[in-house]
Amino acid sequence: MGKGGENYGKGESSSIPSSDREIFPAWSKDPKECEEKYGVSRDVGLSSEEVEKRRQTYGYNELEKHEGVSIFKLILDQFSDTLVRILLAAAVVSFVLAWLDGEEGGEMKITAFVEPLVIFLILIVNAIVGIWQENNAEKALEALKEIQSEQATVTRGGKKIPNLPAKELLPGDIVELKVGDKVPADMRVLSLISSTFRVEQGSLTGESEAVSKTAKAVPENSDIQGKKCMVFAGTTVVNGNCICLVTQTGMVTEIGKVHSQIHEASQSEEDTPLKKKLNEFGETLTLIIGVICGLVWLINVKYFLTWEYVDGWPKNFKFSFEKCTYYFEIAVALAVAAIPEGLPAVITTCLALGTRKMAQKNALVRKLPSVETLGCTTVICSDKTGTLTTNQMSATKLIAMGSLRGNLRAFTVEGTTYDPCDGKIQDWPMGRMDANLQMIAKVAAVCNDAGVEKSGNHFVASGMPTEAALKVLVEKMGFPGGIEDGLSSGDSDVLRCCRLWNKLEQRIATLEFDRDRKSMGVIANSSSAKKKMLLVKGAVENLLERSSFVQLLDGSVVDLDQYGKDQILESLREMSTSSLRCLGFAYKDDLPAFATYNGDEDHPAHELLRNPNNYSSIESNLIFAGLVGLRDPPRREVRQAIEDCKAAGIRVMVITGDNKDTAEAICREIGVFGSHESISSRSITGREFMDHPDQKNHLRQSGGLLFSRAEPRHKQEIVRLLKEDGEVVAMTGDGVNDAPALKLADIGIAMGIAGTEVAKEASDMVLADDNFSTIVAAVGEGRSIYDNMKAFIRYMISSNIGEVASIFLTAALGIPEGMIPVQLLWVNLVTDGPPATALGFNPPDNDIMKKPPRRSDDSLITAWILIRYLVIGLYVGIATVGVFIIWYTHDVFLGIDLSGDGHSLVTYSQLANWDQCHSWEGFTVTPFTAGSNVYNNQSDPCEYFRAGKIKASTLSLSVLVAIEMFNSLNALSEDGSLLSMPPWVNPWLLLAMSVSFGLHFLILYVPVLAQVFGIVPLSLNEWLLVLAVSLPVILIDEVLKLVGRCTSRWRYSGARRSSKHKAE
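Nothing here was measured: the structure is a model prediction, and the numbers come from that model.

A. Here's a closer look at the packing of aromatic side chains. Here the structure, examined in full by the defined rule, presents 19 aromatic pairs. With 5.8 Å between their ring centres and 75° between their planes, F594 and Y597 make a pair best called edge-to-face. By relative accessible area, F594 is classed as buried at 3%. According to the relative accessible area criterion, Y597 is buried, its value standing at 1%. Each member of the aromatic cluster is reached from another via a ring pair, and the members are F884, W887, Y888, W920, F923, F928, Y944 and F945. The residue whose ring lies beneath R55 is Y60, and the NZ or CZ to ring-centre distance is 4.6 Å. Lying over the aromatic face of Y60, K167 brings its terminal NZ or CZ to 5.3 Å of the ring centre.

Right, dumping it as structure tokens:
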């Protein structure tokens, strides 16, 4: 190995982390110096001995496969949520108690296991969904490997190997690239074989056009876009061929760095705002449950632990394990009541419904939690090319010659896509194309190698985007003598006019584009002019320098004087300031050397074409015909979407790999910046941002920001700093270079049409139409979903607090247990489920996109909402316990006769001390009916408080179901009255209430189910009692809402002051 190769090998040793390796700046060195550094000659390449040596040092040219998370760890991670852990603990305890004592508390042996088994089932489903989502995260890395080249043409030992597997490439290998090749490694261009060599590297760098490459060195501090003498792994050759030297392989290539960044970003993924809130809520709930369970035990300790005082000291302790277990079961029932078991299922259902709504708006959600996260997005970091713009070059202005020298005509061209029917040319002389316009169409159609095809509903270009745009322009211009309108939208021949021009002007030779003369020419056998003609297109200034004449409107040719030249240059300057890419058209009809040339290689003229140095002299004394301005235009809908973002308090930052001037012009046009606004402090390059002394303050500026010439690491750093500052960041992108930032952002949004598979796999959401305005619509949907989730969380938690209050009051008052755990589980999972899900269909507020985004640290449950929960919950507890007491102690209540079933009445004192029943003298009870059954407890009157409580227990359960149905109406709006938002605004809720009542009637009136749940049918009067006790919940919450509306200004101003104080 040569000295240079040895040094390089030490610098690139595979034992050294890629971030610490010393990179040789091949782009800033001459090709000869690079060959010496790598110890290789371009003619010979590496010897077989060198290959073996370097293989030991560098390994294979492939991306690392990071070890994925083990399935065991994935399963454990699914149980990291506080709510899930509480549920798991409750299920385990319930299962153990059911195993030890199957029939205690009135449950049959089999029904005792229903509760723990159902909870286990919920947890298993939840874990399966979570593991499935986690596995999707690794697919981005696999997709990245698919864009790597599989084979390469390599010179080794002086022999050319045409199909060497790309993974066997090593630093120092000599590779030949040609049109259509995928670049297999990062390489230094040593020499061009063709006159030009262009590479499509937009997916890696964000540039909107193919980039011309050269063998000339560039400054060492050049950014990735500025390294014109380097080609990068994963990019595609679109024009020419060249000889290259491999400089970096595997993980040290630019695409390898992207691979590492995706992996790092996936390691640092954070919980969504909703998950954080639910975890906080779970921790609070744990504390509350612990306190209440402790109180229940303290209240009932006298029942299972007694003692006597002897000489002032407690002695003779008596402990009843049976009663201790019974009250422990009550504590477990309390925990089950406090936990909203149905909440995970309802949230998943609501998010899934949200994804369907978003899919209808062309936003395809890959990860369910991102639906909600979108709702609190505060910053959208958008790529320019393909998101804000169409990523389809189009002609926007055409300048043709007038009737006099120096007189120009300007035409505005509509349309933003490759569809020839998309827009027309304003003030176009349809059917009356003059000779000058015909010549422009002729040059644009014939001096052109691109194509346009219809693929589904889209038009796709092949070849150079600028050339494709010129062909679309020709179609809009029409064809003289019969096809003025170009083509109809149903025509299968998309480029009919271009085909006709090519038929008239048969191309027989091509003068390829090169960077020196900056033009491309074709020699055509013109059937219209009956002679050979040279058609040329290229940079306007260069064509003017080589033009001696100008064609006027009527086709006459006059000398090109200074005045005429100045007028053309002035038009060029105007278009350039609007960041249009300008191309000029010229021709030459005096070609004596090619008069008899027909493409024959033996013709003397063919020798002139073999040497590209002759092209400039052939393209001299041209006749200038006109010029056109092209650009990648902004989408029509984007400007309004930007305005909507501003109204919604969302900042838009444009991060692009494109050049600064073009990006600034687009940003002014779409409204990110004002048309005359000074943007010197808000538009900087990625490198300038990285060198900025106060990056966070720069990002905190109000209004839009622009970062041009941005590299993947710049995008990641911007996203990271924004997240550190408490922003919720949505990041859009379509290229490989966007994948790490997509992964790191709170919401990664990939493009569905133009996006690479890498970007899609790294994203949370894919835009089916690649349209920025779709993101804004999705944000509105996300906000609506969050509001609806708050509604059903509000509903479920207030209902659960009611259940806790019910059990707590039962234990505190000492009355028999009103409801058994399986009944509470039925209410939480089945009866509460449909209304909670239906609340997800609440219509969005009209001003939902006029409000600022909520902060990600805003409380899910405010102090006022908690007070409301407690008041409503306390009433639910009083109502369910109250109706139990009423049945035992009253035969008439509020005028409703309850004596029809013949049950015996007891005093409240007897009910509260029911466990002392055996010591009561002369206590008897009469038989009573429930449905078709007669309950006779005369043999053991004390059973009246155990098996005989079945009617009272049924009333308690029915009141709980009814009160929760009415409470779901309260959840339609946080503070809005039912008078302003009546129940029928959400017909799904009314349907859900009917379903829930139907399910309750099912278990009441189907004997088998009634036996499983330990309940009996109710009479009409008993239902009237249920309604009388349940309906007041609506009136109570209406009063609380009124108080809320009256105090909202005071509460919100206080919250803002608190938030501001935290920020300071």
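Here the narrative resumes.
B. Molecular detail of the confidence of the model for the protein. With 84% of its residues at a pLDDT of 70 or more, the protein has an overall mean of 80. Of the regions scoring below 50 in pLDDT, residues 103-108 engages in 11 contacts with residues more than four places distant in sequence or in other chains. Confidence drops under a pLDDT of 50 for residues 1054-1064, and excluding neighbours within four residues, the segment shows 1 contact in the predicted structure.

C. The arrangement of helix α35 (residues 987-1005) in detail. With 19 residues, α35 should cover 27 Å at 1.5 Å per step; its first-to-last C-alpha distance of 27 Å lies within 8% of that length. Within α35 the residues assigned to the buried category are L989, A992, M993, S996, F997, H1000, I1003 and L1004. The arc that holds every buried residue of α35, seen down its axis, measures 135°, which confines them to one face.

D. Looking closely at the nonpolar core. One finds V672, F772, F792, Y888, F945 and L1025 to be the most contacted residues of the largest nonpolar core, which totals 125 residues. Among the nonpolar cores identified, the runner-up in size contains 53 residues, and C229, V379, A710 and V766 belong to it.

E. Focus on helix α17 (residues 496-504). When we look at burial in α17, the residues that qualify are C497, C498 and W501. The arc that holds every buried residue of α17, seen down its axis, measures 100°, which confines them to one face. Packing partners of the buried residues in α17 comprise α15 (435-446), α16 (465-477) and β18 (505-511).

F. Quick peek at the UniProt feature "transmembrane region" (unreviewed entry) in the protein. According to UniProt, the "transmembrane region" (unreviewed entry) feature falls on residues 82-100, 112-132, 285-305, 325-353, 860-888, 984-1003 and 1023-1043. End-to-end, the C-alpha atoms of residues 285-305 are 29 Å apart, and along that stretch the chain is 95% helix and 5% strand. Its end C-alpha atoms 32 Å apart, residues 1023-1043 is made of 95% helix and 0% strand.

G. Inspection of the sheet that holds strand β9 (residues 242-248) at higher detail. Reading across the sheet, the 6 strands line up as β2-β1-β3-β9-β4-β7 and stay open at both edges, with antiparallel pairing between neighbours. Single-partner strands in this sheet number two, and they are β2 (159-165) and β7 (230-231).

H. Region of the structure containing the sheet that holds strand β29 (residues 747-751). Taking strand neighbours across the sheet as the criterion, the 8 strands line up as β12-β30-β29-β28-β13-β25-β27-β26 in an open arrangement whose pairing is mixed. Pairing within the sheet leaves two strands with one partner each, and these edge strands are β12 (363-365) and β26 (683-685). Taken over all neighbouring pairs, the strand axes of this sheet differ in orientation by 20° on average, direction set aside. Along the sheet, helix α23 (residues 660-670) makes contact with β25 (651-655), β26 and β27 (705-708), crossing β27 at roughly 155°.

I. Main features of the pattern of salt bridges. Summed over all chains, the structure comprises 27 salt bridges. A salt bridge links R517 to E619; the nearest nitrogen and oxygen atoms lie 2.9 Å apart. In this pair, R517 sits in the loop between β18 and β19 (519-526) while E619 sits in the loop between α21 (615-618) and β24 (622-631), placing the two residues 102 residues apart along the sequence. Taking the relative accessible area as the measure of exposure, R517 reaches 3% and is therefore buried. Looking at E619, the relative accessible area reads 0%, which means it is buried. The partner of D589 in a salt bridge is K531, with the nearest N and O atoms 4.0 Å apart. Taken together, the residues D589 in the loop between β23 (581-588) and α20 (604-610) and K531 in strand β20 (residues 531-538) connect sequence positions 58 residues apart. Bridged by salt links that share partners, the residues K696, E717, R720 and E724 form one connected network.

J. Spatial organisation of the side chain of K1041. Tracing the chain through its elements places K1041 in helix α38 (residues 1032-1063). Summary of buried charges: K1041 has no salt-bridge partner, and the nearest side chain of opposite charge, D1037, is 4.2 Å away. Those residues within four positions of K1041 in sequence are excluded, and the remaining contacts are R868, N970, S973, E974, D975 and G976.

K. Representation of a nonpolar patch on the surface. Together, L287, V291, L295 and L298 make up a nonpolar patch on the protein surface, roughly 400 Å² of accessible area in all. With respect to the secondary-structure elements, L295 resides in helix α10 (residues 273-304).

L. Looking closely at the side chain of D186. Positionally, D186 belongs in strand β4 (residues 186-192). With no salt bridge to any partner, buried D186 finds its closest opposite charge in K257, at an N-O distance of 6.2 Å. Of note is the side chain of D186, whose polar atom sits 2.9 Å from the backbone nitrogen of A233. Separated by 2.8 Å, the side chain of D186 and the backbone nitrogen of E254 make a polar contact. Contacts of D186, omitting those with residues within four sequence positions, involve V231, F232, A233, L245, V246, T247, Q248, T253 and E254.

M. Spatial organisation of the packing of helix α32 (residues 863-889) against helix α37 (residues 1020-1030). Interaxial distance between α32 and α37 falls to 10 Å at its minimum, and their mutual angle equals 150°. When the axes of α32 and α37 are compared, the pair comes out roughly antiparallel. When the axes of α32 and α37 are compared, the crossing they make is right-handed. For the pair formed by α32 and α37, the contact residues are Y875, A879, V883, I886 and W887 on the first element and E1022, L1025 and V1029 on the second. Of the residues contributing to the contact of α32 with α37, the split by class is 7 nonpolar, no polar and 1 charged.

N. Representation of the packing of helix α29 (residues 772-813) against α32 in the model. Where α29 contacts α32, the two axes come as close as 7 Å, and the packing angle between them is 45°. In terms of orientation, α29 and α32 fall into the oblique class. Once α29 is placed against α32, the crossing between them reads as right-handed. Residue-level inspection shows I793, R794, I797, S798, I801, G802, A805, S806, L809, T810 and L813 of α29 in contact with α32, the latter providing I865, Y869, L870, I872, G873, L874, V876, G877, I878, T880, V881 and I885. Counted by class, the contact of α29 with α32 contains 15 nonpolar, 7 polar and 1 charged residues.

O. Region of interest: unusual backbone geometry. The residue K518 is not glycine, and still its phi comes out positive at about 55°. Following the sequence through the fold, K518 ends up in the loop between β18 and β19. Phi angles above zero are rare outside glycine, and R709 is one such case at about 50°. By the element assignment, R709 lies in the loop between β27 and α26 (712-724).

P. Examining the state of the cysteines more closely. Across all of its chains, the model carries 1 disulfide by this definition. The disulfide that involves C917 links it to C942, with 1.9 Å between the sulfurs. Sign of the S-S torsion, about -95° for the bond between C917 and C942, identifies this disulfide as left-handed. Of this pair, C917 sits in the loop between α33 (908-912) and β33 (928-930) while C942 sits in the loop between β34 (933-935) and α34 (950-970); the two residues are 25 residues apart in sequence, bridging distant segments of the chain. Accessibility expressed as a relative area gives 3% for C917, which makes it buried. Relative accessible area serves as the criterion here: at 5%, C942 is assigned to the buried category.

Q. Representation of the environment of K167. Along the chain, K167 falls in the loop between β2 and β3 (174-177). Residue K167 is classed as partly exposed on the basis of its relative accessible area, which comes to 42%. Along the primary structure K167 and Q151 are separated by 16 residues, whereas in three dimensions their C-alpha atoms are 8.0 Å apart. Those residues within four positions of K167 in sequence are excluded, and the remaining contacts are R55, Y60, N61 and E62.

Thresholds, definitions, all that
- Residues numbered from 1 in each chain as written.
- Predicted model: local features only at pLDDT ≥ 70, side-chain atom pairs only at ≥ 80, totals over all residues.
- Heavy atoms only, no water.
- Phe/Tyr/Trp six-rings, centres within 6.5 Å; stacked < 30°, edge-to-face > 60°.
- Buried < 20%, exposed > 50% of the residue type's maximum accessible area, 1.4 Å probe, protein only.
- Lys NZ or Arg CZ within 6 Å of the ring centre and 35° of its normal.
- pLDDT = per-residue confidence, 0-100.
- Contact = heavy atoms within 4.5 Å.
- Helix = DSSP H or I, 4+ residues; strand = E, 2+ residues; numbered from the N terminus.
- Expected span 1.5 Å × (residues − 1).
- Arc of directions from axis to C-beta.
- Core = buried A, V, L, I, M, F, W, Y, C linked by side-chain atoms within 4.5 Å.
- UniProt positions renumbered as here; feature names shortened; annotations may be inferred.
- Pairing = 2+ DSSP bridges.
- Axes fitted to C-alpha atoms, helices over the stretch in contact; angles between N-to-C directions.
- Salt bridge = Lys/Arg side-chain N within 4 Å of Asp/Glu carboxyl O.
- Lys, Arg positive; Asp, Glu negative; His and termini not counted.
- Patch = residues over 30% accessible without salt bridge, like charges linked within 9 Å, V, L, I, M, F, W, Y side chains within 5 Å.
- Areas by Shrake-Rupley, 256 points an atom, 1.4 Å probe, with all protein chains shown as cover.
- Polar contact = N/O pair within 3.5 Å; in protein donor to acceptor, adjacent residues only side chain to side chain.
- Parallel < 35°, antiparallel > 145°, perpendicular 65-115°, else oblique.
- Left-handed = near helix turned anticlockwise from the far one by under 90°.
- Nonpolar A, V, L, I, M, F, W, Y, C, P; charged D, E, K, R; others polar.
- Disulfide = S-S within 2.5 Å.

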